Amino acid sequence: MEQSQITEILTRPLSQELLARDLCRLAYVAKDGTPRSIPIAFTWNGTEIVLCTTKNAPKLHSLRQNPAVALTIDTEVHPPKILLIRGRVELDVVDGIPEEYLQINGSYEMSPEQRVAWEAEIRSLYDGMVRIVVTPTWAKLIDFETTLPSAIEELARQRAERQGV
């Protein structure tokens, strides 16, 4: 997929809404060769999706071995709104707490007091983290109104041909 096509999809208003959500599902191939899909908080910086994790997270070994990932960001309403992204990760080990991690978790509902306590806790627990930076190499937006999964698009086209439309 060309970068201009990816950019066009990711800059659509609905994509921007989905990219502003708190959680996505990250799919990757685990150390034992089996697929994994995990919920994880993320932030979108306009060109990349940034996730943060502990320096000892088991997924890091797998991502070093195979940096190809898929992300799903969706809604819980009917019809669902779904943003599918494939990409490659780069791992960036950082000292302390990445600013993105604080931004990611800034959208959770916390009182000011809870926020102070949460931030103090993570700063005392982590001496560093790993930024998982995903550069999109493919994207598809599905809203079930103007865009559909490719298999359903094919069925609709076949039905129209049968009906002579």
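**Concerning the pairing of strand 6 (residues 82-95)**
Where strand 5 (residues 68-74) meets strand 6, seven bridges bridge the pair, whose relative direction is antiparallel. Bridge pairing links Ala 68 to Arg 88 in strand 6. Two strands pair when backbone bridges link them, and strand 6 and strand 7 (residues 128-142) are joined in this way by 14 bridges, in the antiparallel orientation. Looking at the pairing, Gly 87 lines up with Pro 136 of strand 7.

**Regarding helix 6 (residues 150-162)**
Its 13 residues give helix 6 an end-to-end C-alpha distance of 18 Å, which sits within 8% of 18 Å, the value for a rise of 1.5 Å per residue. In the stretch just after helix 6, Gly 164 is the one whose phi turns positive, near 70°.

**Digging into the sheet that holds strand 4 (residues 49-54)**
Read across the open sheet, the seven strands follow the order 2-1-5-6-7-4-3; overall the sheet is antiparallel. In the strand order of this sheet, the two ends are held by strand 2 (35-41) and strand 3 (43-44), each with one partner. One ladder, built from three bridges, connects strand 1 (residues 23-29) with strand 5; its direction is antiparallel. Paired with Leu 26 across the two strands is Leu 71, which belongs to strand 5.

Cut-offs applied
Residues numbered from 1 in each chain as written. Predicted model: local features only at pLDDT ≥ 70, side-chain atom pairs only at ≥ 80, totals over all residues. Heavy atoms only, no water. Pairing = 2+ DSSP bridges. Helix = DSSP H or I, 4+ residues; strand = E, 2+ residues; numbered from the N terminus. Expected span 1.5 Å × (residues − 1).

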